[in-house]
Amino acid sequence: MIVVKIGGSVLDSELPCLVDEVVSLQKSGERVILVHGGQFQLNEAMKQKGLEIRLVDGLRFTSKEVLELAEEVFNNISVKIKSEIEKQGLKCLILNKDTGFVKSRQNKELGFVGVPEMVDVAVLKNIPENVIPVVPSVTAGMNSSDFGFNCNADDVAGFIASKIKAERLVLLTDVDGVFDGNRNLLTTLTMKQAGDMIEGKTIIGGMIPKVHTCVKALKSGVEKCHIIKGCSKPLISEIINGKVVGTTVQR
Ligand SMILES: Nc1ncnc2c1ncn2[C@@H]1O[C@H](COP(=O)(O)OP(=O)(O)O)[C@@H](O)[C@H]1O
Ligand SMILES: [Mg+2]
């Protein structure tokens, strides 16, 4: 299994390209799970409503109002991905908050933000080969009384990858990978380097949860963790074929 998190631009103009690649991978016998948030789309929706955007180290402070808006925005994105998958000849199962596929615990410091705690792994076992699961990053809470929580989509993807013992975790973003202090692309990043670069503020903002996610995933047994640019060409296939693409996070 390959868990692919789609972020940033991939959700917009690059979606047909990404789905094309995922559909090809799936048809060639790989099993892919797509995880997404929708940072840009949520920012736009928040601006329209006059809601203040606050990001703390790449994580969004989430009021109840923002949480409800995020759920709506992300569900719309899931539907968009589903219709693109269907257009390209496969089926899609949306595993959103209401399905309880992922459950998270509240990180109160950030309001209604959650940290993933549980994945219903059994659900995946029953999914036929022609179906691609799509998981948005607003998840259910651990208690049935919880409305749900806004999770970072990188975190959700990494958590799922760990729990299902995925072969590979691929975080697609809007840059080629992780840059060093001189904006040179690092083809590999060790866990030690990652910690140093976060501490030294060479890795900031939205790249922090990505790198943390890869480190956590490596520690829980996901062997291959990549941060690469969204779909301008079929990069995921290139990685599978052993090409050096973007940044590979390593022990
Ligand atoms: N060292 C770094 N190397 C590459 N990108 C970085 C680095 N530090 C911070 N970033 C930022 O992280 C961003 C990606 O995270 P984010 O904006 O959350 O995108 P996504 O929607 O893919 O999650 C990049 O666009 C870049 O501005
Ligand atoms: Mg992000």
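Structure first, text after, so check above.
What comes next concerns the included structure. Remember, it's a predicted structure, so these values are computed and weren't measured experimentally.

1. Topic: the site of ligand 1
Around ligand 1, the structure places 15 residues, and the nearest of them are Gly7, Gly8, Thr173, Gly206 and Met207. When grouped by side-chain class, the residues that make up the shell around ligand 1 number 6 nonpolar, 8 polar and 1 charged.

2. As for the packing of helix H2 (residues 39-48) against helix H3 (residues 64-87)
Put simply, H2 and H3 touch, their axes get as near as 10 Å, and they point 130° apart. Relative to H3, the element H2 is oriented oblique. Of the two possible hands of crossing, H2 and H3 adopt the one that is right-handed. In this structure, H2 contributes Gln41, Leu42, Ala45 and Met46 to the contact, and H3 contributes Val66, Leu69, Ala70, Val73 and Ile77. Considered class by class, the residues forming the contact of H2 with H3 number 8 nonpolar, 1 polar and no charged.

3. Examining the environment of Glu86
Residue placement: Glu86 occurs in helix H3. With 52 residues separating them along the chain, Glu86 and Val138 place their C-alpha atoms 23 Å apart. Residue contacts for Glu86: discarding those within four places in its chain leaves Lys91 and Cys92.

4. Notes on the sheet that holds strand E5 (residues 91-94)
As summarised here, the arrangement of the 8 strands in space is E5-E8-E2-E1-E11-E13-E14-E12, forming an open sheet in which the pairing is mixed. The outermost strands of the open sheet, each flanked by one partner alone, are E5 and strand E12 (188-190). This sheet shows a mean twist of 25° between the axes of neighbouring strands, independent of strand direction. Here 3 bridges tie E12 to strand E14 (residues 247-250), and the two strands are oriented parallel to one another.

So, how was this worked out
- Residues numbered from 1 in each chain as written.
- Chains lettered and ligands numbered in written order.
- Predicted model: local features only at pLDDT ≥ 70, side-chain atom pairs only at ≥ 80, totals over all residues.
- Near = placed C-beta within 6 Å.
- Nonpolar A, V, L, I, M, F, W, Y, C, P; charged D, E, K, R; others polar.
- Axes fitted to C-alpha atoms, helices over the stretch in contact; angles between N-to-C directions.
- Helix = DSSP H or I, 4+ residues; strand = E, 2+ residues; numbered from the N terminus.
- Parallel < 35°, antiparallel > 145°, perpendicular 65-115°, else oblique.
- Left-handed = near helix turned anticlockwise from the far one by under 90°.
- Contact = placed C-beta atoms within 7 Å.
- Pairing = 2+ DSSP bridges.

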